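# Residue-level structural notes
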Amino acid sequence: EAEFNWELTMEESNRALALNPSLAQPHFFRAGVFYHFGLLELADREIRLGMANDPVNRIEAPRLLGNVAFIYGRFADAVSLLNEAQRLSESATTSSYLGLALYYDGKATEAETVLERLGPDRRAQAALASFLAARDERATHPRRRSWHGGPSARFDGFHRERAAERRALCCLGLALYLSRV
């Protein structure tokens with residue numbers, strides 16, 4: 001599977017905004033690039049610029065803001081925003097993130113239900129398998145503590161590694177942003 005071309009997305013979004021600064025979608029695309037590179041403050045700013053340019057588009061903003069809230073550890077906010085996005089438009093990706101946010105917000109049963117409904121979606125199945133393994137591990141080792149009753153230390157370690165990778169990419173993302181803006 002090929003890596004998404006984040007640089008091209010940023011270039012095309014910048015070009016579109018140079019031609020018409022009142023467009024909203026390029027801001028949402030830029031927010032996606034910043035989110036991918038862990039530049040959450042810039043992602044949040046782009047989401048709000050997109051919302052200001054197109055207040056009628058009620059789907060992109062809660063979906064992207066929900067993802068940002070999740071990464072910041074504001075799980076209740078993420079659940080609320082992702083529920084709103086899911087209500088407006090059914091999406092497997094939104095449901096996957098909603099399942100994760102529910103789980104980390106302490107609603108494991110509801111999270112499992114959301115993820116089970118997605119069937120063969122790889123992201124949902126991976127999260128669900130981790131949640132079920134963590135539940136079995138806690139049942140086997142009741143003294144083992146895990147964050148918010150959430151995933152096992154092994155699963156938390158995976159997310160810490162991903163966060164470290166994103167932080168490392170921040171420098172690249174910021175350099176890309178500064179060179180293009």
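What counts and how
Residues numbered from 1 in each chain as written. Predicted model: local features only at pLDDT ≥ 70, side-chain atom pairs only at ≥ 80, totals over all residues. Heavy atoms only, no water. Helix = DSSP H or I, 4+ residues; strand = E, 2+ residues; numbered from the N terminus. Buried < 20%, exposed > 50% of the residue type's maximum accessible area, 1.4 Å probe, protein only. Contact = heavy atoms within 4.5 Å. Areas by Shrake-Rupley, 256 points an atom, 1.4 Å probe, with all protein chains shown as cover. Expected span 1.5 Å × (residues − 1). Arc of directions from axis to C-beta. Salt bridge = Lys/Arg side-chain N within 4 Å of Asp/Glu carboxyl O. Core = buried A, V, L, I, M, F, W, Y, C linked by side-chain atoms within 4.5 Å. Axes fitted to C-alpha atoms, helices over the stretch in contact; angles between N-to-C directions. Parallel < 35°, antiparallel > 145°, perpendicular 65-115°, else oblique. Left-handed = near helix turned anticlockwise from the far one by under 90°. Nonpolar A, V, L, I, M, F, W, Y, C, P; charged D, E, K, R; others polar.

Here we take up the overall build of the chain. Across its full length, the chain carries nine helices and zero strands. The linear arrangement of helices and strands in the chain, starting from the amino end, is α-α-α-α-α-α-α-α-α. Per-residue burial for the chain yields a buried fraction of 41% across its 181 residues. In the chain, 48% of the contacts between residues at least 6 apart in sequence involve partners at least 24 apart. Just so you have it, the chain exposes about 10,300 Å², and 56% of that area is on carbon and sulfur atoms.

Mapping H27 onto the fold places it in helix α2 (residues 25–36). In this structure H27 comes out as buried when scored by relative accessible area, which is 9%. Excluding residues that lie within four positions of it along the chain, H27 makes contacts with L17, P21, E46, L49, G50 and N53.

Looking now at helix α3 (residues 40–53). Its 14 residues give α3 an end-to-end C-alpha distance of 20 Å, which sits within 8% of 20 Å, the value for a rise of 1.5 Å per residue. Buried within α3 we find L40, L42, A43, E46, I47 and G50. All buried residues of α3 project into a common sector of 155° when viewed along the axis, lining one side. Away from its buried face, by an angle of more than 90 degrees, α3 presents the exposed residues E41 and A52.

Turning to the pattern of salt bridges, a few remarks are in order. In total, this model carries eight salt bridges according to the counting rule given. The salt bridge partner of E84 is R87, with a shortest N-O separation of 2.9 Å. Residue E84 and its partner R87 are both found in helix α5 (residues 75–88); the two are separated by three residues, about one turn of the helix. Assessed through its relative accessible area of 25%, E84 is described here as partly exposed. The exposed category is assigned to R87, whose relative accessible area is 56%. Between D105 and K107 there is a salt bridge whose closest N-O contact spans 2.6 Å. Taken together, the salt bridges that share partners define one network made up of R30, R45 and E46.

Counting residues in hydrophobic clusters, the biggest one holds 40 residues, and the most contacted among them are I47, F70, L115 and F131. Elements with a contribution of two residues or more to this core: α1 (6–19), α2, α3, α4 (60–71), α5, α6 (92–104), α7 (108–116) and α8 (122–140). For this core, the element with the highest residue contribution is α6, accounting for seven residues. Beyond its immediate sequence surroundings of up to four residues, L115 is in contact with S95, S96, G99, A124, Q125, A127, L128 and F131.

Once that is clear, we can look at the packing of α5 against α6. Where α5 contacts α6, the two axes come as close as 9 Å, and the packing angle between them is 150°. By the angle between their axes, α5 is roughly antiparallel relative to α6. The two elements α5 and α6 meet at a crossing, and its hand is left-handed. Listed contacts from α6 to F75, A78, V79, L82, N83, A85 and Q86 of α5 are T94, S95, Y97, L98, A101, L102 and Y104. Taken together, the residues that form the contact of α5 with α6 break down as ten nonpolar, four polar and no charged.

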